[in-house]
Structure formats: structure tokens, C-alpha cells
Amino acid sequence: MLRVLAGNRLGLVGTVVIGVVVIVALLAPVLATHDPEEVNLAGKLQAPNREHLMGTDQSGRDVFSRVLWGTRVSLMVGVLAVVLGLLGGVTIGTIAGYYGGSLLEQVLVRSMDALSSIPLLIWAIAVVGIIGVAPIRLGPLEFPNETKVILLTGVLYIPAIARVTHAVVLVESASDYVRARRAQGASDLEIMGGEILRNCISPLTVQATLFVAIGIIVEASLSFIGLGVQPPKPSWGTMLADARGYVFSGEWWLPVFPGLAISVTVIGFNLLGDGLRDLLDPRKATTQQMV
Amino acid sequence: MVRFVARRVLFSVVVLVAASAVIFVLTRLVPGSPALILLGPEAKAEQVQDLERRLGLDRPLAVQYARWISDVVLHGDFGRSYISGLPITSEILRTLPITVEIVLLAFVFCLVVAVPLGIVSALYEDGLIDHVARIVAIAGVSVPGFWLGLMLIVCGAVHLGWFPPGGYTPLSMGLGAHLQSLVLPAFSLGIYYTAIISRMTRSSLVEVLRQDYIRTARALGLSRTRIVAYALKNALIPVVSVAAMSVGYMFGWAIIIEQVFNIAGLSRSLLSALFQRDYYMVQAVVLVITIVFVGANLAAEILYRALNPRVRGTA
Amino acid sequence: MSPPLLELRGLRVGFPAGGAIAEVVRDLDLTVQAGEVVGVVGESGSGKSMTALAVLRLISPPGRILGGAIRFSGEDLLGLPEARMRRIRGAAISIVFQDPMTSLNPAFTVGRQLTDVIVTHQGVDRRTARERATEALRLVGIPSPDARLRDYPHQFSGGMRQRALIAMAIACRPRLLIADEPTTALDVTVQAQVIHVLRRLRDELGLSIVFITHNLDLVAELCDRAVVMYAGTVVEEAEVATLFNRPRHPYTRALIRCVPRLADASGPLTTIEGAPPALGDHPAGCAFAPRCGDVVAQCHGERPYLRDVEDHRVACWVAK
């Protein structure tokens, strides 16, 4: 009992942190002191001071504003990737679990097995590297490079989410409630969409929260090697890539602040996910997912 | 057991074949013929066609794939980089060991730190070490490895001067210097998995210690050491499996870490190949890493089976 | 006269709950003489399992022994250092638990688990230990014992596992075996096997047994003396035949009435009105008073203690 409470104190901290990050992301235009993309070579590489709270980078851009704006990209990628993963994973997992014992289930399970046995990070690097970092143009719409990151990361999540959903649905499908509903004449779709899905919410919430954390790190890492968010758009990963060149010359504010931003945000999601796990899913469905 | 292994190996092979086909097609998806890239934009049409014919690029895709995959499987020959003209296999053989070494060091570090930490956390549940370990683990899983590497370079190399700021010092320059150049990268790489494995060990052991069969052992007067030894045998089964998988994952992240530390391992081959549009090289490196990853997962599954008497006998 | 093999006096066990201490074993007296089989009967929550765990000091925190005395052959167990206690567990006093499916370690062979107990307490080499292990398995009626040593628990049936656990418990020839509902999780036919094994061990090894159960029939079959527990304390105690023929405590009478007899196959099953008090939440006075048909005013005010009534010991104001 005590442990759940203690764990949830951490969960509470996580929620607060995420809350702050979300507010920053939403209010970035208001909170930022400068235009994050405004170049000012004369004022480059300034240490943190009154005007530039976190200093300026090699192009004279205000680091503080860039860090604030960076939350937008990171959260967007993190959340959208998870949404994608949920859409794909829940669909596949529900179908597989509902039609348990069938060939369809076998095929789906094996496919998820196969998908989780390839190193998706490397493939993401290769795919983006091969296709190029130009935005995707679909008619009048233009999707920036991060879209590719979102899609690939979402695919990374699908097997794990499908597995969790599959396990829950398999159990639920055999329950008396479902049998009763079927006798009442409810269609398969109605049953799947109703009671069964409701039982997945708890473990999936935990999983989703933890996956947002992973997604933020993946985006930062890909941006770091130039395959994620493209300059001049501010992203913590690209800021760190720029900072690399200044490691030896003592401009410590260039790597420290973006990195702290990533760490704090990810810690927030991990704390919340851990706290939620203690509350919603003490031992069962979710396993630690590695990336 | 044998049937199980055979099934999983077969499955892994199928996955690898599918993956190789996908990566092959992917590299061909890009507009612009490699021949054109090689010869430059001023090349004349016949020159381009001629080169394409020589490189075998005019044959149907399936035939090209068949040739490539049979070369790889039968001769271990990944072909030649058409950018540098050098055989890809030897390039990979040059850079792969470096990455392997970093991963191995990270892995050893991981096991040596994570498992004892997890055990102590479990044995003294809710104690000081347990709480500290939990917080450190959350940090370890959240702090991006490549940023940690950067920070370590700033502190460890620039300020303290204990480690070289990057680059790979080959063994020929002395064991000490060689290892020194690998400490920071291996550490940055391994922290994430150390955190995961330590938490996993802890929760697994806590769970086992709650079991009825441990109660039986206590009730029959076995010594505390013996009981912990019993519990460890049960608890470490899933940990071994996760550890095997983490080797695969580490290979992927090594690519990023190597970039931070400017180490000419597999990452150099992959990323410069991508940059130079050297697709044969990209294919090869992606396939190699995929093989390692599939292998690690396969090992994890087999180990889990093999260590578990209850499921060992079943097919 | 030699001291009783096991003597519990005023034993109290409880755990902290909502600021106070909830007692699950309240002022319990129990005696086991050498060579006896004593049945301890009671429903779930009566504290019988806690009593068993208390004897071997296996109560896990936050539960703990609150007071009283436990003496084994005259020696006070509660004051012993843990190291000495460990030497007693499995060697002088053994316990067998309820669920054989989860009580054996799945990652080790049965033989390994058996020999480890023998080696721990008897300090012999592996080979001798294996011989003794084989002998123990033979004693509990497991066929081809030396081959069985190499098996893993999952290769044993439920009944065999329970017998293997009994073998582990008696391998070092303890004087007392506490069997906490050893047959509850087993089929009726397998139950009979286990009872048979226990009887054999009593006869061949002179083993004293405390047999904890909620099944009166088994008590009648196996035990010399029976002790009835309710709400953490003993309410009646007598030789088995006397207890069943002339139960004196209202609870005992009600219990016996509840056992369905083939003779009255028709008609509703008898139950006892009401429910036992919640764990640790006991009324003043007799705990059974709210459900008792013979209750008088004194029952609510004063808590009865065990007193001799002819050839029984009963804790009741109205028993005669």
C-alpha cells in the first residue's frame, strides 16, 4: 500500500513535469523571448545573460527560445507516433485476439513477431537516409521530414501494442459477457468495440505513456544525425548536433540546455508511466519495452 | 526442444530473407541510376547505359536480387561499393569489429552493474539502495545516450582529461589507451540497458521471493544463502533473455554513439554510405545489423526455453 | 512425566491494521504429546494456519507474534536465535503446506530439493543424501524413487507432489510434523493416499502430527485428539471419539450437524447462521455468542476460557 502511494508521488511529479512541458509547447510563441529562427551573426555564441537566458548558438539564435519551441516538435512526434502505434496495434491485436485459434490469428501474431525481430531504429535511419530528408508532398499538402520519423516510430510501437491488446482480448473474448452479447445478436464489431476495448485501456495507457518517452528520444537521436527535423526548425536533437562542434571550445550552454530539456521531458513521461503502472497494471500486461 | 529451435531458426531465416528483399528493393526505389551518379551529370546516355549493363543494373529486379543474395549467402560477398570500388565485405570486416567491441564492453558493464544492483534492491526491498537504484534507473532510461556521451566528453575529456575526447585508438597503440578510448562510448551506450536490466532483475527476484516454493525452502530450514541461490536460478531466467535481446538493440544505438565519439565503426560505413548514396554499402550494413539483431532475439528465445525445465520438453 | 512435545500457551498473533493491532490468534492454548495425532479444525479465518506458522516462526511481516509461549520438548522456541530456529525447521519440526502445485521449485529436480534439505541438516555427502532421499520417497509411497529423484516437479502429479513435499518434510526424521490442510487442494481419491501416507509415517516413524483441516471426516479418520478453533482461539478439545459422540461446545455441535449425511439425503443442508467475525475484529465476550443458539447474558460480557468439563476441555459458559 505504502509503495503504491510512494510510487504515485513520483507519478505525480511526472504529471507535473509533463504539464509544464505541454504548457510550454502550447505557449511557446508567447513565452519565447526571441524568434527561434532569427539569425544574428554579430551576437553569436554568447554565454547565458539577461537578454539571452540560455545564450546564443553559432548563428546567433536565442537558445532559450529554441528550447521552448523544441518542445512542440518533440511532443508532436512523441504523441503522434504513439497514436499511430495505437491505431495499428489495437486493430491488429483485437482482431488477432477475437479470432483466437484461427489462421488469421496465427498470421497476425507471426507478422508481429517478425516485425519486432528487426532493428527498427537502423531501418528508420536507412529509410529516411535513402528517401531523403525533403518534405513529402501530397498534392497541396506538404509534410515535413518529421512525418517520416513519426510513421516509422509508430510502426516500431505496433508489435508491442498488438501483443498487449491481443493478450487482453484473448481472455476477454472467452468471457461469459461476450458470449451473452453474441447470443443477443451483437455483431463481432460491436462486441470488439465495446466491452473488450474497455479492458485494454488500463495497460495500454501505461504502454502509451512510456512509448511517448521513447518516441522523444528517437526523434532527438534521428535529428542529431541529421535525419529527423531539418534546420532551421528548432529541435533539441538538431541543437545538440550543432553543439557537437563546440564541445572543446567551452560553449557549455549549447549542449547542456537542449539535453536537459530532453531528459526532463522524458523523465516526466517515464515517471508518469511508472506511476500509472503501479496503479493500473501491477504485474500483468505491460513489459518493459526496449528500443 | 530441438523442434522448437528448428522452428525458430526457420522463422528467423524467413524474416531475414524478407528483410533482405525489402532493403534491396528500398535501395532501388530511389530515382536516379547509380551509374549516373558515378559518372556525373555530364555523362552521355550511352556511357550511362554501358555502365549500367556492366554493373548488371539493366536486369530485372528479381534477378539482381537473386544474384546479390546468393553472393552474400554462398560467398559472404556483398559486392563492391560503386563509389569507392572497394569490396564491401572487407570494409565491413574492418569496421564491424570496432562496433562489436563497443557493444561487448557496454554489455559486460551492463551485466556487472545491473544484475548485482537488482539483486541487492530486491533483497533489501524498500531499503535505501532500492530507492536510489530506482531513481537512478529512471534517469538512466530517460537521459539520451548520445547526450550523456556529449556531456561525458565535456567533463571527462575536456575538463578532466582522463579520457580521449573521441576517436578510436586501436589495440596496436597499447591496451590501456585502446580501452580508454572505449570507456566513455561503452558507458554511454550501456547505461540505458543497465537501468532496464537492473529493474528487471529486481522485480523478477521480488516476485520469486514471494512464491510458495521459497516459503517451503524457508520452512525446511535451508540457509539464507541457499534460498537466495534458489531464488536467483528462478529469477534470472527472464533476465538472461532480456540481456540477450539488449545486445541486439545496443548494436542499433551504437550507430548513434559512434557518431558522438567520432569512432569509425559500422556507423561510419552506414552513414557515409547513405550520404554518398552508396546503396550497395547501405544494403550490406543494414543486412548485417539485421542479422545480428535477429540472432540476438533468437538467442534470447532459445535461452529462455532452455533454462526453463517446465517448457523445455515441449515442442 | 516428560514435558509435552509441543506446548502453546496464551499464544497471540496479529498484524497492524488501521492504527491498531488486529489479532488473528487470541490467547491460544494447545498441547501435543509425543506420538499423538492432533486434528485442528476450524473454518477459514479461524487462525489455524497462523498458529502453524507461528510455531516455526515463519510469520512474515507485518504480522508478528504478539505474546504467549511456545515450547518444544520443554525448550522455549520464541527466545531462540534465528540460527537455532533454522536448525529446528525441517529437522525437529516440519511443516507441509496446502498447495502442492506451487510449493515445489520448478527450476530444480525433486531430488535436488530433497537432498539439499538432507545435506543442510545432516551434513552428509551428496551420495548419502541421495540414498536417504530415495528412502524418504519410498516411505511416502512414490514408486521407482531413485528414478524420480531426477524428475522435475512438473513431471509429478498433484498427489505425488504433495507426497514429495511430505518426504522433504520427514527426510530428517523430525519429531513433529505440522500438516496445514495438506489435502484441501487435492481430489478425494488422492486425499485418501495422503492420509494413508500420514498414518504410515505415524506408525513407522513414531511421528507426531498436527493435522490442520476444515474437514471433520478426515479428523475422525486420522486423529487421536481433536481441537476446535473459532475466531483465533480454541473452543473445544477432546479425544476424537468423545468429541464426535458428545460435542459440548455449541460451535462444535453446529459444525458436526453441518456435515451432510447420506442418511438424510433429502432435505436442505444445515448451515450455521451468521458469519465468523471479521479478521481481528472480535466482540467482547465469547466470539461465537452472536451466532450461538444457547447464548446467555454472561456470554456477551465475559470471554470464556478453556476449562475441564468431564473428558473435554471447553471454552463456553453454558457447556456441561
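On a predicted model such as this, the values are computed, not experimentally measured, just so you know. (Residues numbered from 1 in each chain as written. Chains lettered and ligands numbered in written order. Predicted model: local features only at pLDDT ≥ 70, side-chain atom pairs only at ≥ 80, totals over all residues. Heavy atoms only, no water.)

In this section: the arrangement of the chains. Here two pairs of chains are in contact, and chains A and B lead that list by number of contacts. A minimum C-alpha distance of 12 Å separates chain A and chain C, which share no contact. (Contact = heavy atoms within 4.5 Å.)

Looking now at helix α8 (residues 236–244) of chain A. Listed as buried for α8 of chain A are Trp236, Gly237, Thr238, Met239, Leu240 and Ala243 of chain A. Residues of α8 of chain A that are buried make contact with α2 (63–98), α7 (188–224) and α9 (253–280) of chain A together with α7 (145–159) of chain B. (Buried < 20%, exposed > 50% of the residue type's maximum accessible area, 1.4 Å probe, protein only. Helix = DSSP H or I, 4+ residues; strand = E, 2+ residues; numbered from the N terminus.)

Let's shift gears to the domain arrangement of chain B. All names here are of chain B. According to the domain assignment, chain B contains domain 1 (2–75) and domain 2 (97–307). When each unit is reduced to the centre of its C-alpha atoms, the spacing between domain 1 and domain 2 is 34 Å. On the side of domain 2, 13 residues touch domain 1, which itself brings 19 residues to the contact. Between domain 1 and domain 2, the buried area comes to about 1600 Å², and carbon and sulfur atoms account for 76% of it. For domain 1, the biggest contributors to the area lost against domain 2 are Phe4, Leu16 and Thr27; these three give 31% of the whole. One can count one salt bridge joining domain 1 with domain 2. Arginine 8 is paired through a salt bridge with glutamate 301; the nearest N and O atoms lie 2.4 Å apart. Inspection of the region where domain 1 meets domain 2 yields two residue pairs in polar contact (both at pLDDT 80 or more). (Domains from an automatic or database assignment. Buried area = accessible area lost by both parts, 1.4 Å probe. Salt bridge = Lys/Arg side-chain N within 4 Å of Asp/Glu carboxyl O. Polar contact = N/O pair within 3.5 Å; in protein donor to acceptor, adjacent residues only side chain to side chain.)

All names here are of chain C. Using the criterion set out here, one finds zero disulfides over all chains in the structure. Free cysteine cysteine 299: the closest other cysteine sulfur is in cysteine 316, separated by 6.0 Å. Note on cysteine 299: relative accessible area 5%, which makes it buried. (Disulfide = S-S within 2.5 Å.)

Residue and element names in this part refer to chain B. Scanning all chains against the criterion turns up eight cavities of 30 Å³ or more. Quantified by volume, the largest cavity comes out at close to 160 Å³. As for the largest cavity, its lining consists of 15 residues, and the residues nearest its centre are Pro144, Gly145, Ser188, Tyr192 and Trp253. If you list the elements that add at least two residues to the lining of the largest cavity, you get α7, α8 (175–209) and α10 (224–261). No other element matches α8, which puts five residues into the lining of the largest cavity. (1 Å grid on protein atoms, 1.4 Å probe; cavity = no way out; pocket = protein on both sides within 12 Å on 5 of 7 lines; lining within 4 Å. Points joined across faces, edges and corners; volume = space filled by probe spheres on them.)

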